[in-house]
Amino acid sequence: MLEVKDVNQFYGGSHILRDVSLTAPIGECSVVLGRNGVGKTTLLKCLMGILPIKSGQILLDGQDISKLSPEQRVRAGLAYVPQGRDIFSTLTVEENILIGMAKFNSKKAKQVPSHLYEIFPILEEMKYRRGGDLSGGQQQQLAIARALASEPKVLILDEPTEGIQPSIIKDIGRVIECLTQSSKMSIILVEQFYDFAEQLADNYTVMERGQVVDQGQGREMPNKGIRDLVAI
């Protein structure tokens, strides 16, 4: 389980995150919502150690990881799919996935686990093609597969539906549901597509101007008018 406690972060003199707290339990999809510019991506970068926090704590299974480097957090069990995917365009699909296994010993890191190709069959068909030759939706699937290759305790997804065709959005939603139901990891999802977020949310957090303004169970979202709260 990942716990965020009273996290503050600054850009120069600007107070970007203000006492942000949330919990991402194992076996649940924890959705973070809010309009553009409210600090959602900043929060994810703080979780991964890409940005430092000024104060507060980030706990993984009760252990404070707030001072760990991004590499150390990956080894501890965090995996991050950033907005824009950041795949390696000149490497093959298979090579991209193997990079996600860098924390394992050399023997284990030489072969893509078969279950990843079962989750994303299109990637097996294209495993020898360069990442840059894939469509945007296929690249998003590749980015998620690369993150899953590290066998994370916490999977962090930033806007996975951005610029993706509807058929692949459905595939990604199906994968997230299956991962949640497996009860092996926590999933933190930042998402602008409200319907997608509501469908997947076991719990939700709404941010506004760098702070949490509402939290609750996913099933409560329609009755609490969360769609109107986060509408752009």
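Residues numbered from 1 in each chain as written. Predicted model: local features only at pLDDT ≥ 70, side-chain atom pairs only at ≥ 80, totals over all residues. Heavy atoms only, no water.

**So, the sheet that holds strand 5 (residues 63-64)**
Here we have 4 strands laid out as an open sheet, ordered 2-1-4-5, and antiparallel in their pairing. Among the strands making up the open sheet, the edge pair consists of strand 2 (14-24) and strand 5. Pairing analysis gives 2 bridges linking strand 4 (residues 55-60) to strand 5, with the strands arranged antiparallel. Following the sheet pairing, leucine 60 is matched in strand 5 by glutamine 63. (Pairing = 2+ DSSP bridges. Helix = DSSP H or I, 4+ residues; strand = E, 2+ residues; numbered from the N terminus.)

**With respect to the side chain of glutamate 191**
Within the fold, glutamate 191 resides in the loop between strand 8 (186-190) and helix 8 (194-200). A polar contact is formed between the side chain of glutamate 191 and the side chain of threonine 161, at a distance of 2.6 Å. Here phenylalanine 193 takes part through its backbone nitrogen, which lies 2.8 Å from a polar atom of the side chain of glutamate 191. What glutamate 191 contacts, discounting residues up to four positions off in sequence, is Val32, Leu33, Glu159, Pro160, Thr161, Phe196 and Ala197. (Polar contact = N/O pair within 3.5 Å; in protein donor to acceptor, adjacent residues only side chain to side chain. Contact = heavy atoms within 4.5 Å.)

**Here we look at the environment of isoleucine 226**
On the secondary structure map, isoleucine 226 appears in helix 9 (residues 226-230). Separated by 21 residues in sequence, isoleucine 226 and threonine 205 place their C-alpha atoms 9.9 Å apart. When near neighbours in sequence (up to four residues on either side) are disregarded, isoleucine 226 contacts Leu33, Tyr194, Tyr204, Val206, Asp214 and Met221.

**So, the nonpolar core**
The biggest cluster of nonpolar side chains holds 48 residues, and the ones touching the most others in it are Ile97, Leu123, Leu148 and Leu155. With sequence-adjacent residues up to four places away left out, leucine 123 is seen in contact with Val93, Ile97, Tyr117, Leu134, Gln138, Gln141, Leu142 and Ala145. In this structure, Ala24, Leu44, Leu47 and Ile156 belong to the second largest nonpolar core, which totals 27 residues. (Core = buried A, V, L, I, M, F, W, Y, C linked by side-chain atoms within 4.5 Å. Buried < 20%, exposed > 50% of the residue type's maximum accessible area, 1.4 Å probe, protein only.)

**Looking at the sheet that holds strand 9 (residues 203-208)**
The 6 strands are arranged 6-7-8-3-9-10 in an open sheet whose pairing can be described as mixed. Of all strands in the sheet, those with a lone pairing partner are strand 6 (78-81) and strand 10 (211-217), marking the two edges. Ignoring which end each strand starts from, the neighbouring axes of this sheet average 15° apart. Against the sheet, helix 1 (residues 40-48) engages strand 3 (29-33), strand 6, strand 7 (154-158), strand 8 and strand 9, with an angle of about 145° to strand 6. Along the sheet, helix 7 (residues 166-181) makes contact with strand 3, strand 7 and strand 8, crossing strand 8 at roughly 150°. (Axes fitted to C-alpha atoms, helices over the stretch in contact; angles between N-to-C directions.)

**Let's talk about the pattern of salt bridges**
The full count for this structure, using the stated rule, is 5 salt bridges. Residue arginine 130 is joined to aspartate 133 by a salt bridge in which the shortest nitrogen-to-oxygen separation is 3.7 Å. Taking relative accessible area as the criterion, aspartate 133 reaches 40% and is therefore assigned partly exposed. (Salt bridge = Lys/Arg side-chain N within 4 Å of Asp/Glu carboxyl O.)

**Things to note about the pairing of strand 4**
Pairing of strand 1 (residues 2-11) with strand 4 involves 5 bridges; the strand directions are antiparallel. By the bridge assignment, glutamate 3 is partnered in strand 4 with leucine 59.

**Concerning the pairing of strand 7**
Of all 5 residues in strand 7, 5 are buried; the element is thus mostly enclosed. Residues Val154, Ile156 and Asp158 line one face of strand 7 and the alternating positions Leu155 and Leu157 line the opposite face, and both faces are buried. Relative to strand 7, strand 6 runs parallel, the two sharing 4 bridges. Among the inter-strand pairings, alanine 79 is bridged to a residue of strand 7, identified as leucine 155. One crossover worth recording links strand 7 to the parallel strand 8 by way of helix 7, and it is right-handed. (Right-handed = clockwise from strand over helix to strand, strands pointing away.)

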